[in-house]
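What the coordinates show
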Amino acid sequence: MEQLKKLIQSLVNTMTVSGFEKTNAQKILSVCSEYAKGCFNKAYVTKSGSVVLAKCGKGQNRRVLAFDAHLDTVGFAVTELCEGGYIRVTNLGGIDVNILPASEVLVHGKKELRGVFSSIPPHLSRSDKLPEINEMFVDVGFESKEETKKYIDIGDPVSMYPHVTQLLNDRISATGLDDKICIAAVMHAMKLMESLQLENTDIYCYFSSGEERGGNGSYHIFHDINPCACVVLDVNFAKEKGSKQGEYGFLGEGCMISISSVTNPDFTDMCRKCASVNDIPSQTVVEMTATGTNADVLARTGVGIACAVVSVPLKYMHSSVECVSLEDVVSTSKLLRAVAMEYDSNPLGIPVYHKGGAELGL
Amino acid sequence: MDFNFFDKDGLSLLESLCNSFGVSGYEHETAQIIIEKITPYCDSVMVDSVGNVIALKKGKGQGNKKIMLCAHMDEVGFAIKSINEDGTLQIDGVGMVSTVLPSKRVVVGKNRIKGVISARPVHLNTDKTKACEISDLVIDVGAKDKQQAQALDLLGEGACFESEFYTFGDGLVKAKALDDRIGCAILCMLTKESFDSDIYFAFTVGEELGGVGAAAATRRINPDFCIVVEGTTASDFDGAKEQDKVCSIRNGAVCPFMDGGTLYDKDLYTCIHEYANDNGIKIQVKTKIAGGTDAAKIQRSLEGIKTAVISLPCRYIHSSSSVAAIEDMQSMYKLISGVCKKLK
C-alpha cells in the first residue's frame, strides 16, 4: 500500500495539464515502469503524446485488450502578463471558479514558480456573484511585468499545486486524481498480473492524452494499438453533499461499472460477472446516453472498439482536493486482473463473425 | 539591537506563528509559542481569564509612561457545528467569506486531523455564476460514516486552514494568518529590546469576533498610549481603482487616521508619521476606510485610551493564502520600535 501511495504521489507531482501532457509523458512512462518493473515488454510514447505500456505474449492471432486511462488533468494556461507583475490565466478543461480564490498553483515557465489566485477580502466584497476567470489573476509575487517576463511567457501551463493529503481510512485527497488514480489502478493491476501468462491476449495500457479536451488522444488508439476490446478507466461521481438522487456511487464501496448505450453490453456483463464471481467490491451506475469518458469516443473510433467503463468513485471532481479511497483503487486493479483472465479464455466473440470474416479485413 | 526581518530568525519565528493553530476561541497553541519566546525577556508574563497573554517589560527610565502594544493571536477559521450522516462535518465560519473556502486543506480539532473543504463538481453545477455559501460546504476528514466521525470527538472543535509558509517573487511571503501573526512576531521580537517606558505586551484573543480580549487587557493595563499592531487589507490589484486599493504592499507600514471602527488619536498619529518621515521609514495611510481592529474596543475602554494602529499591508487577507512584503515588515518593526522609544 505504501508503494501504491508513492506511485500516486509521483503521478500527481508530474504536471500533465491538458495540452501540455506530452512534455512529461516520458516522465510518466518512467514512473510507471519503475512501479511495475518487469511486468512489461513494451513501453513507449506515441505521436499524440499518449503513454503505452504493454505485456505481449508469443504466437499468432493474439488479441489486444486495452486498459485506457487518460493522462491529462484540468489546469490553466497563461493568457496575459499584467503591469503589476501578475498573470492572468484561462482554464483548460472544466473548472469551477468557486474553487479558485486563494488557491495555490504552480506556473511552469522558465522555472517552476509558485503563485496564488487573487481573492477579495470580506471587508471589501460587495456581492455574492463570482468573477469570471479572466477577471481574476494569479499573484506570482513579482513587482513588475518586466520581472515576470523573465520567467513566464504567454501560453505557459499552470497547474493546481500538487498537495497530497492522507485522510482517514486510506482515503487520499489531491488534485489531478482524475485520472491519475486510474493510471495507478492500471499499474497496480499489471503488478498483480506479473506472473500471469495469457494464452491469446496482449495487454496494452494506454494512457491517453487530451481527454479533458474531448478525448483527443483516444482518437488515435485504434491506429496505435488496434484493440479488440478496451476497458476505459476513469473516475466517477461519489456521493457528496448536494448530489442528486441516482447520479452517484459511494466512496469506499468498490469500483463502479457503467451501463450505457455507448458501451458493449456483453463486455460490460463480463466485467460485472468477474466482480461478483471473485468477490470484488463493485457498484453499478447507469449512464444511458454518454459516460463522459473516452468510451464515448472509442465506440466511434476505427472499426469500433468494444468498451466497458470501470470507474474509481471520487468526490469533489476537478478541484484541488479530489478524494478517493485506496480500497476502491485496489478493487479496480483486482477487477482488471480478473477481466484479463476471463477475456483471455473467452473473448466473447467480439467482434462476431456470423459467416467468413477474413475478407472483412480482420 | 537592530532586528532585521530579512534574516532567518525573524522569518522562522513568523513562520512558526503563522503555521500554528489559533482560530478565534482556540488560540492555545499560538499562545504557547508566544509565552515560550517572550518569557526570558520580560519581567512578568501572564495568561488572563479570557486567554490573553499579557507581559510587562519594565522601562529603565523614571516616572515611566505605560505603553501598551497589542496584537491579536486569533485567526479566521471554523468550528464544527454538526456531523452529517456520511461522516462529513458541517461548519460555521469565524470572520470569513465563503468564496475563499471551497477546495482548501484544513486541520481539525485538538488532534489536528487533516481534512479538506468540499467543492462541488463543475459538471453538476447548474448556476456557474453563483458563489457557494458556507452551508453548502463540508469538511471531509475521510470518515466512512457518522458513527466513525462521532468517535473522533470533533463536535465543537475548531478547524483552521493548512497552508505552507514560503517566500516567493520579489521579497514576498505567502502564508495563512499573516493577520495577525505578523503583529505577534513583531511584539515577540520587541521584548528583546530595552526601552525607557514600561512596555505592556498584550497578545489578545477573539479579535475576529469583535475584540473580545482587547477590552479585558486594556482595563487590566490602563495604559497611557496603545499601539495596535495589525495586518490590514491591501487591494493593490491590477486594474483596481486607486481609491479602492486601501493600501499597497511594498509601500511601507500602514498608519491610518481612521478605520471602520475608530478615529485614531490625532497626536499619536502625528507622532508616528513624523517619526517615520524623520527617519526615512516608508509609511502610508489607507485610501479607503474599511475593516476594524481591536483599537475600537481599546479606545473606548476606561476613561478613553490614546490609540493608534500600525499595520502590515496584506493581500488576500482572511484567506488561506495571504501575501505580504518582507520590506514592509521591516518598516513596521523599525517604526514601532522607534515610536516606543520616542513616546514620553
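Residues numbered from 1 in each chain as written. Chains lettered and ligands numbered in written order. Predicted model: local features only at pLDDT ≥ 70, side-chain atom pairs only at ≥ 80, totals over all residues. Heavy atoms only, no water.

**So, the overall build of chain A**
Helix and strand counts for chain A stand at eight helices and 17 strands. Expected size for 362 residues packed as a compact globule is a radius of gyration near 21 Å; at 21 Å, chain A falls within 12% of this value. In terms of overall dimensions, chain A has a C-alpha envelope of 70 × 40 × 40 Å along the principal axes. When burial is assessed residue by residue, chain A has 61% of its 362 residues classed as buried. Residue pairs at least 24 apart in sequence account for 76% of intrachain contacts in chain A once pairs closer than 6 positions are excluded. With an accessible surface of roughly 14,300 Å², chain A has 49% of that area assigned to carbon and sulfur atoms. Side chains of chain A carry 34 positive and 43 negative charges; the gap between the two charge centres is 3 Å. (Helix = DSSP H or I, 4+ residues; strand = E, 2+ residues; numbered from the N terminus. Rg over C-alpha atoms; globule rule 2.2 N^0.38 Å. Buried < 20%, exposed > 50% of the residue type's maximum accessible area, 1.4 Å probe, protein only. Contact = heavy atoms within 4.5 Å. Areas by Shrake-Rupley, 256 points an atom, 1.4 Å probe, with all protein chains shown as cover. Lys, Arg positive; Asp, Glu negative; His and termini not counted. Charge placed at Lys NZ, Arg CZ, Asp CG, Glu CD.)

**Some points on the sheet that holds strand 10 (residues 166–168) of chain B**
All names here are of chain B. Reading across the sheet, the three strands line up as 10-11-17 and stay open at both edges, with antiparallel pairing between neighbours. Among the strands making up the open sheet, the edge pair consists of strand 10 and strand 17 (322–325). Strand-to-strand twist of the sheet, defined as the mean angle between neighbouring strand axes without regard to direction, takes the value 30 degrees. Direction of pairing for strand 11 (residues 172–175) relative to strand 17: antiparallel, over a ladder of four bridges. The residue bridging Leu172 from the neighbouring strand is Ala325, located in strand 17. (Pairing = 2+ DSSP bridges. Axes fitted to C-alpha atoms, helices over the stretch in contact; angles between N-to-C directions.)

**Quick notes on the sheet that holds strand 12 (residues 201–208) of chain A**
Residues and elements named next belong to chain A. Taken in spatial order, the eight strands of this open sheet run 1-2-12-3-13-16-14-15, and their pairing is mixed. What marks the edges here is a single partner per strand, and that holds for strand 1 (42–45) and strand 15 (282–286). Strand-to-strand twist across the sheet, computed as the mean angle between neighbouring axes with direction ignored, equals 25 degrees. Examined bridge by bridge, strand 14 (residues 255–259) and strand 16 (residues 306–314) share two bridges and lie antiparallel to one another. Opposite Ile257, over in strand 16, you have Val310 as the bridge partner. Sitting on the sheet, helix 4 (residues 177–192) is in contact with strand 2 (51–55), strand 3 (63–70), strand 12, strand 13 (229–237) and strand 16, with an inclination near 135 degrees to strand 13. Across the sheet, helix 6 (residues 265–277) lies against strand 3, strand 13, strand 14, strand 15 and strand 16, angled at about 150 degrees from strand 14, the strand it touches most.

**Quick word on the domain arrangement of chain B**
Residues and elements named next belong to chain B. As far as domains go, chain B holds domain 1 (8–75 + 176–342) and domain 2 (77–161). Using C-alpha coordinates to define each centre, domain 1 is positioned 31 Å away from domain 2. Roughly 1,100 Å² is buried in total at the junction of domain 1 and domain 2, and carbon and sulfur atoms are behind 65% of that figure. At the junction of domain 1 with domain 2, the criterion picks out one salt bridge. For Arg112, the salt bridge goes to Glu29, with nearest N and O atoms at 2.5 Å. The interface formed by domain 1 and domain 2 holds two residue pairs in polar contact (both at pLDDT 80 or more) in total. Grouping the constituent residues of the side of domain 1 that touches domain 2 by class yields four nonpolar, four polar and four charged. (Domains from an automatic or database assignment. Buried area = accessible area lost by both parts, 1.4 Å probe. Salt bridge = Lys/Arg side-chain N within 4 Å of Asp/Glu carboxyl O. Polar contact = N/O pair within 3.5 Å; in protein donor to acceptor, adjacent residues only side chain to side chain. Nonpolar A, V, L, I, M, F, W, Y, C, P; charged D, E, K, R; others polar.)

**Things to note about the pairing of strand 12 of chain A**
All names here are of chain A. In terms of residue burial, strand 12 counts as a mostly covered element, since eight of its eight residues are buried. Neither face of strand 12 is exposed, since Thr201, Ile203, Cys205 and Phe207 on one face and Asp202, Tyr204, Tyr206 and Ser208 on the opposite face are all buried. As judged from the five bridges shared by strand 2 and strand 12, these two strands associate in the antiparallel manner. Bridged to Val52 within strand 12 is Tyr206. Pairing of strand 3 with strand 12, which is carried by eight bridges, proceeds in the parallel orientation. The partner of Leu65 across the bridge, within strand 12, is Ile203.

**Observations regarding the environment of Asp265 of chain B**
Counting through the fold element by element, Asp265 of chain B comes out in the loop between strand 14 (253–254) and helix 6 (266–278). In sequence terms Asp265 of chain B and Ile305 of chain B are 40 residues apart; their C-alpha atoms lie 8.6 Å from each other.

**Here we look at helix 4 (residues 178–190) of chain B**
For helix 4 of chain B, which comprises 13 residues, the first-to-last C-alpha distance of 18 Å matches the rise-based estimate of 18 Å (1.5 Å per residue) to within 8%. Extensive coverage of helix 4 of chain B is indicated by the burial of 13 of its 13 residues. (Expected span 1.5 Å × (residues − 1).)

**Some words on the pattern of salt bridges**
All names here are of chain A. A complete count under the given rule lists 27 salt bridges over all chains for this structure. Residue Glu2 pairs with Lys5 through a salt bridge whose shortest N-O separation is 3.3 Å. Here Glu2 and its partner Lys5 are both found in helix 1 (residues 2–13), three residues apart, which amounts to about one turn of the helix. The exposure class of Glu2 is exposed, given its relative accessible area of 55%. With a closest N to O distance of 2.9 Å, Glu104 and Arg114 form a salt bridge.

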